[in-house]
Amino acid sequence: MDKSQQDTTDRHYVTDDESSITFNDGDPTAQLDLGGLFSNRFSNIMPVYSSPNGPTEIYAATRYGRRFILKGLKEQYRNDPIYTMALAKEFEIGIQLDHPNIRRTIGIETVDAIGKAIILEYIDGYPLNEIVAAGKLNMMDGRSIIGQIADALGYLHSKQVFHRDLKPSNILVSHLGNAVKVIDFNLSDSDEFIILKNPAGSRKYMAPEQLKAGAVPSAVTDIYSLGVIMKELAAMTGDEELELIAERCTNQNAEKRPQSIPHIKLPAPQPSIAHSLSTFLSSKILTYVMVCICLALTMTIAHLLLNPLS
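Residues numbered from 1 in each chain as written. Predicted model: local features only at pLDDT ≥ 70, side-chain atom pairs only at ≥ 80, totals over all residues. Heavy atoms only, no water.

**Regarding the packing of helix α4 (residues 139–158) against helix α5 (residues 219–237)**
Geometry of a packed helix pair, given as the angle between the helix axes and the separation of the axes.
Phase 1 of the analysis: Running from amino to carboxyl end, α4 crosses α5 at an angle of 175°, the nearest separation of the two axes being 10 Å. Our classification of the angle between α4 and α5 gives roughly antiparallel. Each of Met-139, Gly-142, Ile-145, Ile-146, Ile-149, Ala-150, Leu-153 and His-157 in α4 lies in contact with α5, whose residues at this interface are Ala-219, Asp-222, Leu-226, Ile-229, Met-230, Leu-233 and Thr-237.
Phase 2 of the analysis: Here the contact of α4 with α5 is composed, by residue class, of 11 nonpolar, 3 polar and 1 charged. (Axes fitted to C-alpha atoms, helices over the stretch in contact; angles between N-to-C directions. Helix = DSSP H or I, 4+ residues; strand = E, 2+ residues; numbered from the N terminus. Parallel < 35°, antiparallel > 145°, perpendicular 65-115°, else oblique. Contact = heavy atoms within 4.5 Å. Nonpolar A, V, L, I, M, F, W, Y, C, P; charged D, E, K, R; others polar.)

**Overview of the sheet that holds strand β9 (residues 125–127)**
Phase 1 of the analysis: One open sheet accounts for 3 strands, arranged β9-β11-β12; its pairing is antiparallel. Edge positions in the open sheet fall to β9 and β12 (180–182), since each of these has one partner strand only. Averaged over all neighbouring strand pairs, the angle between strand axes comes to 25°, with direction disregarded.
Phase 2 of the analysis: Direction of pairing for β9 relative to strand β11 (residues 171–174): antiparallel, over a ladder of 3 bridges. Looking at the pairing, Tyr-126 lines up with Val-173 of β11.
Phase 3 of the analysis: Across the face of the sheet, α4 comes into contact with β11 and β12 while running at roughly 40° to β12. (Pairing = 2+ DSSP bridges.)

**Thoughts on the pairing of β11**
Phase 1 of the analysis: Neither face of β11 is left uncovered, since the one carrying Ile-171 and Val-173 and the one carrying Leu-172 and Ser-174 both have all their residues buried.
Phase 2 of the analysis: Relative to β12, β11 runs antiparallel, the two being bridged by 3 bridges. Across the sheet, residue Leu-172 finds its bridge partner in β12, namely Lys-181. (Buried < 20%, exposed > 50% of the residue type's maximum accessible area, 1.4 Å probe, protein only.)

**Overview of the layout of surface pockets**
Phase 1 of the analysis: By volume, the second largest pocket is sized at about 210 Å³.
Phase 2 of the analysis: In this structure, the second largest pocket is lined by Tyr-126, Glu-130, Ile-131, Ala-134, Lys-136, Leu-137, Asp-141, Val-173, Ser-174, His-175 and Asn-178.
Phase 3 of the analysis: Where the lining of the second largest pocket is concerned, the elements lending two or more residues are α3 (128–134) and β11.
Phase 4 of the analysis: Ranked by residue count, the leading element in the lining of the second largest pocket is α3, at 3 residues. (1 Å grid on protein atoms, 1.4 Å probe; cavity = no way out; pocket = protein on both sides within 12 Å on 5 of 7 lines; lining within 4 Å. Points joined across faces, edges and corners; volume = space filled by probe spheres on them.)

**Some points on the pairing of strand β6 (residues 66–73)**
Phase 1 of the analysis: With 6 of 8 residues buried, β6 lies mostly within the body of the structure.
Phase 2 of the analysis: In this sheet, β6 lies alongside strand β5 (residues 56–63) in antiparallel orientation, the contact comprising 8 bridges. Across the sheet, residue Ala-61 finds its bridge partner in β6, namely Phe-68.

**Things to note about the environment of Gly-142**
Phase 1 of the analysis: Tracing the backbone through its elements, the reader meets Gly-142 in helix α4.
Phase 2 of the analysis: Residues Gly-142 and Leu-233 lie 91 residues apart in sequence; the distance between their C-alpha atoms is 5.9 Å.

**Details of the pattern of salt bridges**
Phase 1 of the analysis: Summed over the entire model, instances satisfying the criterion amount to 11 salt bridges.
Phase 2 of the analysis: Among the ionic pairs, Arg-78 bridges to Glu-57, the shortest N-O distance being 4.0 Å. In this pair, Arg-78 is assigned in the loop between β6 and α2 (81–95) and Glu-57 in strand β5, connecting sequence segments 21 residues apart.
Phase 3 of the analysis: Taking relative accessible area as the criterion, Arg-78 reaches 25% and is therefore assigned partly exposed.
Phase 4 of the analysis: Glu-57 gets classed as buried once you look at its relative accessible area, which sits at 17%.
Phase 5 of the analysis: In this structure, Glu-247 engages Lys-231 in a salt bridge whose closest nitrogen and oxygen atoms are separated by 3.7 Å. Of this pair, Glu-247 sits in helix α6 (residues 240–249) while Lys-231 sits in helix α5, and the two are 16 residues apart along the sequence.
Phase 6 of the analysis: Of the residues examined, Lys-231 reaches a relative accessible area of 28% and is grouped as partly exposed.
Phase 7 of the analysis: Among the charged side chains, a network of salt bridges with common partners joins Lys-71, Glu-90 and Asp-184. (Salt bridge = Lys/Arg side-chain N within 4 Å of Asp/Glu carboxyl O.)

**Section: the environment of Phe-162**
Phase 1 of the analysis: Among the structural elements, Phe-162 can be located in strand β10 (residues 161–162).
Phase 2 of the analysis: Judged by relative accessible area, Phe-162 falls into the buried class, the value being 9%.
Phase 3 of the analysis: It is 6.3 Å that separates the C-alpha atoms of Phe-162 and Ser-218, two residues lying 56 residues apart in sequence.

**Thoughts on a nonpolar patch on the surface**
Phase 1 of the analysis: Taken together, the side chains of Val-289, Met-290, Ile-293, Leu-297, Ile-301 and Leu-305 define a hydrophobic patch exposed on the protein surface, amounting to about 580 Å² of accessible area.
Phase 2 of the analysis: Looking at where Leu-305 falls in the secondary structure, it is placed in helix α8 (residues 284–306). (Patch = residues over 30% accessible without salt bridge, like charges linked within 9 Å, V, L, I, M, F, W, Y side chains within 5 Å. Areas by Shrake-Rupley, 256 points an atom, 1.4 Å probe, with all protein chains shown as cover.)

**Observations regarding the packing of aromatic side chains**
Phase 1 of the analysis: Taken as a whole and assessed by the stated rule, the structure comprises 2 aromatic pairs.
Phase 2 of the analysis: On the basis of an interplanar angle of 80° and a centroid distance of 6.0 Å, the ring pair of Phe-42 and Phe-68 is categorised as edge-to-face. Remark: Phe-68 occurs in strand β6 and Phe-42 occurs in the loop between β3 (31–33) and β4 (43–50); sequence separation between them is 26 residues. Side by side, Phe-42 and Phe-68 carry an identical accessibility label, which is buried. (Phe/Tyr/Trp six-rings, centres within 6.5 Å; stacked < 30°, edge-to-face > 60°.)

**With respect to α6**
Phase 1 of the analysis: Where α6 is concerned, the buried positions are Leu-242, Ile-245, Ala-246 and Cys-249. In a view along the axis of α6, the buried residues occupy a sector of 105°, so they form one face of it. Seen from the buried face of α6, the exposed residues on the opposite side, beyond 90 degrees, are Glu-240 and Leu-244.
Phase 2 of the analysis: Structurally, α6 contributes buried residues whose contacts are with α4 and α5.
Phase 3 of the analysis: One side-chain oxygen of the residue at the start of α6 lies 3.3 Å from the amide nitrogen of Glu-241, identifying that residue as Asp-239. (Arc of directions from axis to C-beta. Polar contact = N/O pair within 3.5 Å; in protein donor to acceptor, adjacent residues only side chain to side chain.)

Structural data, given as structure tokens:
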């Protein structure tokens, strides 16, 4: 055996479904078994959500030691060409997006027992609607969340993509740092696609013009949805400035809304000094301070009266 043949024999790698590797460095029995760490198959597949009226199902799964989200079709829809095309459209829209406030689309492939599925970034957090229901936001958090959603929408619109179903349940907020991720492009649209052009969205958050025949999605339709979310956060946090902006964004006349995200001019995450002072002057804290001052003055005067200076 010449030198080149020996080198090939000494460093020969054998894989079995990418789950084990054999090193034949003079010992054909030496084997390193790494279990499923390097397997390209998904494991621990757990159902997360099944659309009550729609065709999609969502699962959490593990591969390479990491968690992923799998989005596929219910069994009865898997061979339907319309829904298969819709899933492909969602993937094609998602794969072109790269923004810190948009959930990352990783790929699409056939998964055992699920069929064709979109592979999505796993986000450790809660949907915004659950956070609002729990009443766990302050004014600074609310403004920060709205600002991040607006940044994501501005990026989408720059790509000529319109979300069409923006609502709190399609916005995830991470456990750490209140980082926002806009999710679910199932109803999203762009000029590049010609399927499923019907009006879409959730009624409460849908712009009124989208209910008309021949409605066309646009930036202002997403801005209306953003405005409804603004109203909810403003009411929860007592943010009057955000409430005024929300009124503009939810104008029934689409032409009177801000026509793009940069035109909205959102307030800074930190409340203004004037607003902070106004809030303080109207708060219970000031009442307690004044009561304490009055009590202290009363006690001082009483002490002087009972112990006059000689």
